Amino acid sequence: MTKKQLTITQPDDWHLHLRDGDALNSVAPFTARQFARAIIMPNLNPPVTTVVQAVEYLDHILAAVDGTNFEPLMTLYLTDNTPAEEIIAARKSCFIKALKLYPAGATTNSDAGVTNIRHCDAALDEMQKCGLPLLVHGEATGPEVDVFDREKVFIDKTLQPLTQRFPELKIVFEHITTKEAADFVIQSSDNVAATITPQHLLLNRNALFQGGLQPHNYCLPVLKRDTHQHALLEVIRSGHHKFFLGTDSAPHTKHKKESACGCAGIFSAHAAIEIYAMIFEQQNVLDKLEAFASFNGPDFYGLPRNSKTITLIKEDWPIPDEYPLGNESLVPFLAGQTIGWKLAE
Ligand code: NCD
Ligand code: ZN
Ligand code: ZN
């Protein structure tokens, strides 16, 4: 009997952390085997804030995926001091596709992030003019804000006013986790879109505490209650064109995750498209996977859709407990579990 198969246009990952150095060499091939392109997050230490730094980082990535056709889509890390000239230079570079807003202190390597969005007005104004999108880690950071409310507070205090002040600015609300975020994107103009990770579709906050503390399910924004998970699932079932694939695959060593003060981030690049396929199948909308994974992203960014295809085969395979990360190891998303889709080689 022939196995069930699904062939779709090759997908892209619109939110990816590749790190640098040995870690980059360990993780980049996982992405290159399935995705044609990926938006590369700039939160290195030190962050990628200039075109010159981005060129250097791009070279490292290209070396790590040598022999493949993978195309890294670079981003710059927005700071309080990003000058309008850097935006113009980024636009001219052609390989820089967006700027990333990290509210200072919101997540991994965000210390150099933005303290007050008003400090970025000159840069945002230039981005609006030249059509470079702003990608946002949408969480309010004040110590008084409950960690589960950070996304909602960010919408009210920062994002909603921002879309009013810069109505033509293209914005991607990254890794959305709440019904409020989904509703905000749907109600906004076509200049506002969002990425959704596999973990926020598959899990809710119970997964952080199932049988004991589960550091490998910890990422930011943190998993929310099941009503929010269900709102995100409803979005993918609806096939809405403003939502697209962004894994937020964020490798950290096992040692740094299983620690007294564990890092935020889930690594999913080992099986990203397979995990999304499993989720879409569970929701009975496998027919909507291709638009989410391969059409909506490039359409929003104004880039061509990919011309190649990939084929997924309905076949069980075990996800390993660990993969190498430089000379250490990482624990992948769904470690030790069986997954029912496999990318054909
Ligand atoms: C990301 C990382 O490790 O760089 N971590 C995460 O939990 N998502 C940063 C981010 O995307 O916020
Ligand atoms: Zn983030
Ligand atoms: Zn991220």
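Residues numbered from 1 in each chain as written. Chains lettered and ligands numbered in written order. Predicted model: local features only at pLDDT ≥ 70, side-chain atom pairs only at ≥ 80, totals over all residues. Heavy atoms only, no water.

(A) Representation of the sheet that holds strand β6 (residues 134–136). Ordered in space as β2-β3-β4-β5-β6-β7-β8-β9, the eight strands form an open sheet in which the pairing is parallel. The sheet terminates laterally at β2 (13–16) and β9 (243–245), the two strands that pair on one side only. Going across the sheet, the axis of each strand differs from the next one's by a mean of 30 degrees, ignoring polarity. Bridge count between strand β3 (residues 37–40) and strand β4 (residues 71–77): four bridges; the pairing is parallel. Each residue of the ladder has a partner; that of isoleucine 40, found in β4, is methionine 74. (Pairing = 2+ DSSP bridges. Helix = DSSP H or I, 4+ residues; strand = E, 2+ residues; numbered from the N terminus. Axes fitted to C-alpha atoms, helices over the stretch in contact; angles between N-to-C directions.)

(B) Broad picture of the packing of aromatic side chains. Per the counting criterion, the structure on display carries 11 aromatic pairs. An angle of 75 degrees between the planes, with centres 6.2 Å apart, marks the rings of tryptophan 14 and phenylalanine 244 as edge-to-face. Taken as a pair, tryptophan 14 in strand β2 and phenylalanine 244 in strand β9 lie far apart in primary sequence, 230 residues in all. Residue tryptophan 14 shares its accessibility class with phenylalanine 244, and that shared class is buried. An aromatic cluster is defined as three or more aromatic residues linked by ring pairs; in this entry it consists of Trp14, Phe244, Phe300 and Tyr301. The ring of phenylalanine 295 carries the charged tip of arginine 305 above its face, separated from the ring centre by 4.0 Å. The ring of tryptophan 317 has lysine 342 lying over it, and the distance from NZ or CZ to the ring centre is 5.9 Å. (Phe/Tyr/Trp six-rings, centres within 6.5 Å; stacked < 30°, edge-to-face > 60°. Buried < 20%, exposed > 50% of the residue type's maximum accessible area, 1.4 Å probe, protein only. Lys NZ or Arg CZ within 6 Å of the ring centre and 35° of its normal.)

(C) Quick peek at helix α8 (residues 226–238). The terminal C-alpha atoms of α8 lie 18 Å apart, and with 13 residues this matches the ideal 18 Å at 1.5 Å per residue to within 8%. When we look at burial in α8, the residues that qualify are His228, Gln229, Ala231, Leu232, Leu233, Val235 and Ile236. Packed against the buried residues of α8 are α6 (179–187), β8 (192–196), α7 (198–202), β9, α10 (272–282) and α11 (289–301). Note on α8: the residue one or two positions beyond its end, glycine 239, has a positive phi of about 70 degrees. (Expected span 1.5 Å × (residues − 1). Contact = heavy atoms within 4.5 Å.)

(D) Spatial organisation of the site of ligand 1. With respect to spatial proximity, 15 residues lie near ligand 1, and among them Asn43, Thr107, Leu220, Asp248 and His252 are the closest. Between histidine 137 and ligand 1, the recorded distance is 3.0 Å, taken from a side-chain N or O atom to an oxygen atom. Expressed as a share of its isolated accessible area of 310 Å², the protein-covered part of ligand 1 is 100%. Looking at the shell around ligand 1 residue by residue, the class counts come to four nonpolar, nine polar and two charged. (Near = heavy atom within 4 Å. Polar contact = N/O pair within 3.5 Å; in protein donor to acceptor, adjacent residues only side chain to side chain. Areas by Shrake-Rupley, 256 points an atom, 1.4 Å probe, with all protein chains shown as cover. Nonpolar A, V, L, I, M, F, W, Y, C, P; charged D, E, K, R; others polar.)

(E) Examining the environment of threonine 309 more closely. Relative to the assigned elements, threonine 309 resides in strand β10 (residues 309–318). Sequence-wise, threonine 309 and threonine 7 are 302 residues apart; in three dimensions their C-alpha atoms are separated by 6.5 Å. Beyond its immediate stretch of four places on either side in the chain, threonine 309 contacts Thr7, Ile8, Thr9 and Gln10.

(F) Geometry of the coordination of the zinc ion (ligand 3). Those protein atoms acting as donors to the zinc ion (ligand 3) are His15 (NE2), His17 (NE2) and Asp248 (OD), and they sit at 2.0 Å. Each donor residue of the zinc ion (ligand 3) belongs to the same chain, with the gaps between them written as H-x1-H-x230-D. (Donors = N, O, S within 2.8 Å, 3.2 Å for Na, K, Ca; no water.)

(G) Region of interest: the coordination of the zinc ion (ligand 2). Binding of the zinc ion (ligand 2) to the protein goes through His137 (ND1) and His175 (NE2), at separations of 2.0 to 2.1 Å. What the four donor atoms of the zinc ion (ligand 2) show is an angle range of 54 to 145 degrees at the metal, which sorts the shape as irregular. Between the zinc ion (ligand 2) and the zinc ion (ligand 3), a spacing of 3.7 Å is present. Of the two residues, histidine 137 sits in the loop between β6 and α5 (150–165) while histidine 175 sits in the loop between β7 (171–173) and α6, which places them 38 residues apart along the sequence. Looking at histidine 175, the relative accessible area reads 2%, which means it is buried. (Tetrahedral: all angles 85-135°; square planar, octahedral: opposite > 155°, others 65-115°.)

(H) Here's a closer look at the nonpolar core. Grouped together as the largest cluster of nonpolar side chains are 103 residues, with contacts concentrated most on Leu124, Phe173 and Leu289. The leading source of residues in this core is α10, at eight residues. If we skip the residues at most four places from it in the chain, leucine 124 touches Leu78, Ile117, Leu134, Leu162, Phe166 and Leu169. (Core = buried A, V, L, I, M, F, W, Y, C linked by side-chain atoms within 4.5 Å.)

(I) Examining the environment of valine 147 more closely. Following the sequence through the fold, valine 147 ends up in the loop between β6 and α5. Among the residues examined, valine 147 registers a relative accessible area of 34% and is labelled partly exposed. Distance from valine 147 to lysine 179, taken between C-alpha atoms, is 16 Å for residues 32 residues apart in sequence. Here valine 147 is in contact with Glu139 and Val222, once residues within four sequence places are set aside.

(J) Molecular detail of the state of the cysteines. Evaluation of the coordinates by the stated rule reveals zero disulfides. Here cysteine 94 stays free of any disulfide, with the sulfur of cysteine 130 as its closest cysteine sulfur at 11 Å. (Disulfide = S-S within 2.5 Å.)

(K) Quick look at the packing of α5 against α6. One can describe the packing of α5 onto α6 by two numbers: an axis separation of 10 Å at closest approach and a directional angle of 15 degrees. In terms of axis orientation, α5 runs roughly parallel to α6. In this structure, the crossing between α5 and α6 has a hand that is right-handed. In this structure, α5 contributes Glu151, Lys152, Ile155, Leu159, Gln160 and Thr163 to the contact, and α6 contributes Glu180, Ala181 and Phe184. Along the lines of polarity and charge, the residues of the contact of α5 with α6 split into four nonpolar, two polar and three charged. (Parallel < 35°, antiparallel > 145°, perpendicular 65-115°, else oblique. Left-handed = near helix turned anticlockwise from the far one by under 90°.)

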